[in-house]
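What follows is the residue order along each chain.
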Amino acid sequence: MKKILFIISIIGLALTSCDKDSLKLENPNEPGLGSLRTEVGIQKAALGVYHPMRYDYFIWFSQVNHNVMGDVTTVSAGNFGWRWVNQVTSITRPNGTVVNPPQGGSQPDLMRQYNGRDYGYDNPMNHEWLPLYGTLGHANLMLSILDEVEFTGSDTEKQIKKDTYKVWFLWWKGFVYSRIGSLYSKGIINDNYGELNTNYSTHEEVIGEAKKVFEEAKSILAKIDESDATYQSLITSFIPSSFRSGNGGFISPRMMERNINSYLARNILVNKYAKDLTDAELTEIETLASAGIRENDKIFTVKSDPNEDACFVYQTTWSAVRLLAGWEDISERLVQDFKPGDNRFERNIYTLSSPIFNPRGRGLSYGTRYGAVDGGDYASWEPGFCEIPMACSYEETQLMLAEVKIRKNQIEAGLAHIDAVRDYQNAQLDAVANTNLNKDEALEELRKERRIGLFLKGTSFYDARRWGVLKPLSQGGGRQNANVVVASNGTVEPCTINYNYLEWWDVPANETDFNPIEIPNTPN
């Protein structure tokens, strides 16, 4: 079923986007893969790599899932299973009263209860799996026919064109494997379009495959000159026009290498508990991040577009709008992590006239006194105003360097990276470097800055998991002294939250019903 759908979408996108000249050798009434073997056809198909993610709301669904599990936003609505994705197991008030969810049970139990094909989009387990494997199939198909494409130009130009396409599709394969391996307990590694692989790999193996693919892309990039005009023309054409402003735009060969290095560093950092990172791993992260995204580099970003047909997020289906529309709310625990005087708070967060308390009787954890400012960094009704990184960013790269150096007892050097991020985002906070902080205090600065500086940048869930926050209280997890709205007048108490969330998700039933797993999914 998936194979048929994606063939249709890929061929349809390629053919309907081509001009008449590119179709003169093909019968438009008999569409087939032949059109992709033309230079114009495959160029349109390179842009079409975004289609599976757009069609299945990848940005909206994955962004919200990660936001709420990282407790930087909350969603009480049951649509798309989100109420259950961020249903905490219990909240203990200062007087010792334990408040349990009014309905359902623990998040892992509910997630598994809704992991069935009959639930459609209400099955969160499928939110990333479906669009990502659609993207992988698209990339595999394009790579499989790349040698058959009739490129024009000199032999050198033909080779540059082929290498540029290969880098582009390898980037997306690495992206897919990175996302799958960083969320699911198991994944499928498949390099052959249209073939079913019945062997599931561990998430560690999937991350290893991401590294292999990214390194292959880097080896090709190393042969392309930074100012090569052919590469520039093609890469620019692959990126949607609405993504080519702000931090988005033409990603040169060296910039692409740095984007890859930052992602490789992330894959090491976020897929182990922070306490378990070895000296060798810290050194590898530092090496990669030091060669990662720079302040003025262009990155992979997402913006909305006033043209609905060209808009990757359908104008409104992402946090930048849903934070204003009552679907997604600013978490009390996010606000708690802003330092006094942080200009990012002043220009992006406001106090609600009426606090949200226990919305629809669904639980205290969904309450908040705060909202997002329309026209700030985080949210806007205006298309094209806000942007989020699709992969890594300059700020994330700096904070990876900060963490490595602090953990290696280079505290002042690490804190300087935190200051750099705050300056970059115009936080207007006093520097923390050279203020005699000890290691624990420096790590707390890092924790807060990763939550604030990387808000809506796709790292909050990974951080909560690797810091052990998502584990049950009985295993040392949860959050102490967490602000919770406990009354309709906005009264807040410092509570203990027992999140007890799935750290590694099960493979969705949409896959396992047709491709069974012989060994059961790894329990939480």
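The rules we used
- Residues numbered from 1 in each chain as written.
- Predicted model: local features only at pLDDT ≥ 70, side-chain atom pairs only at ≥ 80, totals over all residues.
- Heavy atoms only, no water.
- Helix = DSSP H or I, 4+ residues; strand = E, 2+ residues; numbered from the N terminus.
- Rg over C-alpha atoms; globule rule 2.2 N^0.38 Å.
- Buried < 20%, exposed > 50% of the residue type's maximum accessible area, 1.4 Å probe, protein only.
- Contact = heavy atoms within 4.5 Å.
- Areas by Shrake-Rupley, 256 points an atom, 1.4 Å probe, with all protein chains shown as cover.
- Lys, Arg positive; Asp, Glu negative; His and termini not counted.
- Charge placed at Lys NZ, Arg CZ, Asp CG, Glu CD.
- Pairing = 2+ DSSP bridges.
- Core = buried A, V, L, I, M, F, W, Y, C linked by side-chain atoms within 4.5 Å.
- Phe/Tyr/Trp six-rings, centres within 6.5 Å; stacked < 30°, edge-to-face > 60°.
- Lys NZ or Arg CZ within 6 Å of the ring centre and 35° of its normal.
- Expected span 1.5 Å × (residues − 1).
- Axes fitted to C-alpha atoms, helices over the stretch in contact; angles between N-to-C directions.
- Parallel < 35°, antiparallel > 145°, perpendicular 65-115°, else oblique.
- Left-handed = near helix turned anticlockwise from the far one by under 90°.
- Nonpolar A, V, L, I, M, F, W, Y, C, P; charged D, E, K, R; others polar.
- Polar contact = N/O pair within 3.5 Å; in protein donor to acceptor, adjacent residues only side chain to side chain.

### Thoughts on the overall build of the protein
- Looking only at helices and strands, one finds 20 helices and 12 strands in the protein.
- Taking 2.2 N^0.38 as the reference for a compact globule, 524 residues should give roughly 24 Å; the C-alpha atoms of the protein span a radius of gyration of 23 Å, in line with that estimate.
- Expressed as a percentage of the 524 residues in the protein, the buried residues total 60%.
- Considering only contacts within the protein whose residues lie at least 6 apart along the sequence, 73% involve residues at least 24 apart.
- As displayed, the protein has an accessible area near 20600 Å², and 48% of this comes from carbon and sulfur atoms.
- Of the charged side chains in the protein, 53 are positive and 67 negative, and the gap between their average positions amounts to 2 Å.

### Here's the deal with the pairing of strand β11 (residues 479-485)
- Of all seven residues that make up β11, five are buried, and the element is covered over most of its length.
- Summarising the sheet, β11 and strand β12 (residues 492-498) pair through five bridges and their orientation is antiparallel. Within β12, the residue paired with Asn483 across the bridge is Pro494.
- Between the antiparallel neighbours β11 and β12 lie six residues, among them Gly490 with a positive phi of about 90°.

### Focus on the sheet that holds β11
- Here four strands make up an open sheet; going across it, the order is β3-β2-β12-β11 and the pairing antiparallel. Each end of this open sheet is capped by a strand with a single partner; those strands are β3 (98-99) and β11.

### What about the nonpolar core?
- Core analysis: the biggest nonpolar cluster contains 130 residues, and Tyr50, Trp168, Trp172, Met256 and Met390 have the highest contact counts within it.
- Sorting elements by how many residues they give to this core places helix α8 (residues 155-181) first, with 12 residues.
- Setting aside chain neighbours within four positions, we find Met390 in contact with Tyr50, Met53, Ile59, Trp172, Phe175, Phe300, Thr301, Val302 and Phe312.
- In terms of nonpolar packing, the next biggest core, distinct from the first, is built from 13 residues, Leu399, Leu415, Ile418 and Ala433 among them.

### What to know about the environment of Tyr263
- Note on placement: Tyr263 falls in helix α11 (residues 253-269).
- Spatially, the C-alpha atoms of Tyr263 and Leu473 are 31 Å apart, while their sequence positions differ by 210 residues.
- When sequence neighbours within four positions are dropped, the list of residues in contact with Tyr263 reads Trp171, Phe175, Ser178, Arg179, Phe214, Ala391 and Cys392.

### Some words on the packing of aromatic side chains
- Going through the model one piece at a time under the given rule, you end up with 45 aromatic pairs.
- Ring centres of Phe61 and Trp82 lie 5.7 Å apart, and the angle between their planes is 80°; this geometry places the pair in the edge-to-face category. Taken together, the residues span a long stretch of sequence, with Phe61 in helix α4 (residues 58-69) and Trp82 in helix α5 (residues 82-85) at a distance of 21 residues.
- Residues Trp172 and Phe300 carry aromatic rings whose centres are separated by 5.6 Å and whose planes lie at 80° to one another, so their mutual orientation is edge-to-face. A residue pair is termed long-range when its members are at least 10 positions apart, and Trp172 in helix α8 and Phe300 in the loop between α12 (279-290) and β6 (301-303) qualify at 128 residues.
- Under the relative-accessibility criterion, Trp172 is labelled buried at 0%.
- Over the face of the ring belonging to Tyr263 we find Arg266, whose NZ or CZ atom lies 4.9 Å from the ring centre.
- Across the ring face of Trp504, the terminal group of Arg465 is positioned such that the distance to the ring centre comes to 3.7 Å.

### Here's the deal with helix α9 (residues 203-221)
- Counted at 1.5 Å a residue, the expected span for α9 with its 19 residues is 27 Å, and the 27 Å between its end C-alpha atoms agrees.
- Buried residues of α9: His203, Val206, Ile207, Glu209, Ala210, Val213, Phe214, Ala217, Lys218, Ile220 and Leu221, and no others.

### Regarding the packing of helix α16 (residues 394-407) against helix α18 (residues 439-453)
- For the pair α16 and α18, the least separation of the axes is 10 Å and the interaxial angle reads 165°. Classified by the angle their axes make, α16 and α18 are roughly antiparallel. Remark: the crossing between α16 and α18 carries left-handed chirality. Touching Glu395, Glu396, Leu399, Met400, Ala402, Glu403, Ile406 and Arg407 of α16 are Lys439, Ala442, Leu443, Leu446, Glu449, Arg450 and Gly453, all from α18.
- In terms of residue class, the contact of α16 with α18 is built from seven nonpolar, one polar and seven charged.

### Looking at the environment of Lys272
- Considering the arrangement of structural elements, one finds Lys272 in the loop between α11 and α12.
- Taking C-alpha positions, Lys272 is 9.8 Å from Ser182, a pair spaced 90 residues apart along the chain.
- Sequence-distant contacts of Lys272, defined by excluding residues within four places in its chain, comprise Leu277, Thr278, Glu281 and Arg466.
- A polar atom in the side chain of Lys272 sits 3.2 Å from the backbone oxygen of Asp276.
- A polar contact of 3.0 Å, which involves the side chain of Lys272, links it to the side chain of Glu281.

### A word on unusual backbone geometry
- The phi angle at Phe80 is positive, at roughly 60°, despite the residue not being glycine.
- Tracing the backbone through its elements, the reader meets Phe80 in the loop between β1 (73-74) and α5.
- Residue Phe80 is classed as buried on the basis of its relative accessible area of 17%.
- Backbone geometry at Asn481 places phi at a positive 50°, although glycine is not the residue there.
- Taking relative accessible area as the criterion, Asn481 reaches 52% and is therefore assigned exposed.

Function-wise, these values are silent; they only describe arrangement.
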